[in-house]
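Residues per chain, in single letters:
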Amino acid sequence: MSAMFCYQCEQTAGGKGCSKVGVCGKQPEVANKHDQLTAALVGLARAVEGKSPSKRAAELMMQSLFATVTNVNFDAARIDQLIDAVEREKEEYGGAANLPVDALWTGEMDAVSLRSTLLLGLRGMAAYAWHAYVLGKEDPEVTAWFFKGMRAIGADHSVEGWLELLMEFGEVNLKCMALLDEANTAAYGHPVPTKVAADVEKGPFIVVSGHDLHDLKQLLEQTEGKGINIYTHGEMLPAHGYPELKKYSHLKGNFGTAWQNQQKEFDGIPAPVLFTTNCLMPPKASYADRVFTTAVVGYPGLRHIPEGPGGKKDFTPVIQKALELGGWDEDRHFTGINGGSELMTGFARNTVLGVADKVIEAVKSGAIKHFFLVGGCDGAKPGRNYYTEFVKQTPKDTVILTLACGKYRFNDLDLGEIGGLPRIMDMGQCNDAYSAIQVALALAQAFNCGVNDLPLTLVLSWYEQKAVCILLTLLALGIKNIYLGPTLPAFISPNVLQVLVEKFGIKPISTPEEDLKAILG
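Note on numbering: residues in each chain are counted from 1, in written sequence order. Predicted model: local features are reported for residues with pLDDT of at least 70 only, side-chain atom pairs are reported and counted for 80 or more only, and whole-chain, interface and lining totals are derived from all residues. As a rule here, side-chain values come from all non-hydrogen atoms in the structure, and water together with hydrogens is ignored.

Requested: an account of the nonpolar core, with residues and values cited.
Within soluble globular proteins, side chains that are nonpolar generally end up buried alongside one another. Side-chain atoms within 4.5 Å are what join buried Ala, Val, Leu, Ile, Met, Phe, Trp, Tyr and Cys residues into a set we call a nonpolar core. Classification of residues uses two cut-offs on accessible area relative to the type maximum, computed with a 1.4 Å probe and protein chains only: under 20% is buried, over 50% is exposed, and between them is partly exposed. Leu122, Phe146 and Met150 are the most contacted members of the largest nonpolar core, which has 143 residues in total. Tallying contributions element by element places helix H4 (residues 109-133) first for this core, with 15 residues. Beyond its immediate sequence surroundings of up to four residues, Phe146 is in contact with Met61, Met62, Leu65, Leu122, Met125, Ala126 and Ala129. By size, the runner-up hydrophobic cluster in this structure holds 22 residues, among which are Tyr188, Ile228, Ala239 and Ile305. In this text, helices come from DSSP runs of H or I with a minimum length of four residues, and strands from runs of E with a minimum of two, each type numbered from the N-terminal end. Two residues qualify as a contact provided that any one of their heavy atoms is within 4.5 Å of a heavy atom in the partner residue.

Shown next, in the form of structure tokens:
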């Protein structure tokens, strides 16, 4: 019997599953506790059936699913606390049987594949729902679907039944992404195009990684006037486009590239790093003493910033560490992976639709021949340079929309402009796939056609569970002929893959040259 089983990320061992230790660094004890927590959530969902979930039950459902996302929580003690809390809450509803842990990943191959897909999608949606929730936004339909979905995980369904559930889930996740979009824009304004420096100024600074804009805002408030600069990292880069965040003059720039390079980029860094969400990698000894976690993120031995009354957090320990370390003595020059030293972000739906007339005219005149949405998660596995080469080889009369951390493969490139519009437009974090969907729907309406009839191709990279929920939303919307890579998910069985190919035209990436030829002719 193996020590653990996990195949939820793109880098899973051998393309089949981690059975000794997670490629991500997750130890068997933690992986097994993630499974225990998941099984307990099925029990909680069963206990709540026919009743309205309490505020506490909803919070536990979101937090617990979020905690099991790849590179979020490696701390067995913290997972135990969640398991205990879920069990206590379950008893408040009269109790119910948990799903046997070994039933999560065993059974008829196609049923396991479809069950896994739904579960991993739910984990991704939980992250989005939680980010909206801390900003005071909640959708009862989204909340209820977590419980419906987890009950479905614990039941048997036909292949057709599973597929119906997956499409229903995709529709609900669209509502969840819309909810988070509303939460972020209501709190911080609509993003605007913003140039972001990759250099770091001398003196004390803090690096903030992850997706949680609420945490960043609190840190900006608490560091104002203290002589400490703030730099984003990874998926936090799009924060620079939000007016209510960019107004802080000490939000200086972006440090480093995508998450998988952190062990090299943080090595010996004279500043603290705050992880608000994934992706946390096991820290090296050279910088472990200056890494802090918050929210559902956890790692043994790292200092954790808890949530106080009213959702307030006290980042004093992080601030003190920044002052203690002092930063670099001189300004430091850094570049992206292609040598560029300036990044652009802020091209969310409000910005792009604000110049829709220019975009439409450029298409009609032939100045823009095709749009590519090249986005998704980055990762360390070989083959992801495909996305760099793909973007480099796109013709000069095409536009690249991008989002999530996969953009670090090419977001420091200068590909010029078309009619005053940059050829690379960063639409934001992974959840800002909602912006991309809204732009696509608006263009389809303007040209009086379906989204699949637009000169638009989606070329996606995936790594973890948020990519799964986004993909399911795209499929639920009927979007076809998506190119997916760098490899296909281990949890997708051959038969399920065949269904996805036949029904939705899912295409594994090949080479940039071959794929561009197939797309453009």
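Account for the sheet that holds strand E10 (residues 398-402), with residues named and values stated.
One requirement defines pairing of two strands: DSSP has to find at least two bridges between them. In spatial order, the strands read E13-E10-E9-E14-E15-E16; together these six strands make up an open sheet with parallel pairing. Strand pairing shows two members of the sheet lacking a second neighbour, strand E13 (424-426) and strand E16 (507-508), which therefore form its edges. As paired elements, strand E15 (residues 483-485) and E16 share two bridges and run parallel to each other. Of the residues in E16, the one forming a bridge with Tyr483 is Lys507. Strands strand E9 (370-376), strand E14 (456-461) and E15 of the sheet are contacted by helix H17 (residues 512-520), whose axis makes an angle of about 140 degrees with E9. Angles run from 0 to 180 degrees between N-to-C directions of axes, and those axes are lines fitted to C-alpha atoms, restricted for helices to the stretch in contact.

Tell me about the packing of H4 against helix H15 (residues 465-476), residues and numbers included.
In a pair of packed helices, the angle between the axes and the distance between the axes together describe the arrangement. Contact pair H4 / H15: the axes reach a minimum separation of 7 Å and the direction vectors enclose 100 degrees. On the basis of their axis angle, the class for H4 and H15 is roughly perpendicular. Side by side, H4 and H15 meet where Thr117, Leu120, Gly121, Arg123, Gly124, Met125, Ala127 and Tyr128 of the first sit next to Gln465, Lys466, Val468, Cys469, Ile470 and Leu472 of the second. Grouping the constituent residues of the contact of H4 with H15 by class yields eight nonpolar, four polar and two charged. If an angle is under 35 degrees, it is roughly parallel; if it is over 145, roughly antiparallel; if it lies from 65 to 115, roughly perpendicular; otherwise it is oblique. Here the nonpolar group is Ala, Val, Leu, Ile, Met, Phe, Trp, Tyr, Cys and Pro; Asp, Glu, Lys and Arg are the charged ones; every other residue, Gly included, is treated as polar.

An account of helix H3 (residues 76-92) is requested, with residue identities and associated values reported.
What a helix is expected to span follows from its residue count: subtract one and scale by 1.5 Å. Look at H3: 25 Å from first C-alpha to last across 17 residues, which is about the 24 Å you get at 1.5 Å a residue. Three or more residues of H3 are buried, namely Ala76, Arg78, Ile79, Leu82, Ile83, Ala85, Val86, Glu89 and Lys90. At its buried positions, H3 is contacted by helix H1 (28-48), helix H2 (55-67) and strand E7 (303-305). Positive backbone phi, approximately 95 degrees, marks Gly94, located one or two places after H3.

Can you lay out the environment of Ala132 for me, pointing to particular residues and giving the numbers?
Summarising the element assignment, Ala132 is placed in helix H4. C-alpha of Ala132 to C-alpha of Leu179: the two residues are 47 residues apart in sequence and 6.5 Å apart in space.

An account of the pattern of salt bridges is requested, with residue identities and associated values reported.
Any Lys or Arg side-chain nitrogen found within 4 Å of a carboxyl oxygen on Asp or Glu counts as a salt bridge. Applying the stated criterion to the full structure yields 20 salt bridges. The salt bridge involving Asp215 is made with Lys313; its shortest N-O contact spans 2.9 Å. Separated by 98 residues along the polypeptide, Asp215 in helix H7 (residues 213-223) and Lys313 in the loop between E7 and helix H10 (316-325) bring together distant segments of the chain. For Asp215, a relative accessible area of 1% puts it in the buried group.

Could you give an account of the packing of aromatic side chains, with specific residues and numbers?
Working definition: rings of Phe, Tyr and Trp (its six-membered ring) pair if their centres are within 6.5 Å, and the pair is stacked with planes under 30 degrees apart, edge-to-face with planes over 60 apart, and tilted otherwise. This structure, assessed with the given rule, holds 21 aromatic pairs. Ring plane angle 80 degrees and centroid distance 5.7 Å describe the contact between Tyr7 and Trp105, whose orientation is recorded as edge-to-face. Note that Tyr7 is positioned in the segment before H1 and Trp105 in the loop between H3 and H4, a separation of 98 residues in sequence. Note on Tyr7: relative accessible area 8%, which makes it buried. Residue classification places Trp105 among the buried positions, given a relative accessible area of 17%. Among the aromatic side chains, those forming a connected cluster through ring pairs are Phe205, Tyr231, Phe255, Phe266, Phe275, Tyr287, Trp328 and Phe334.

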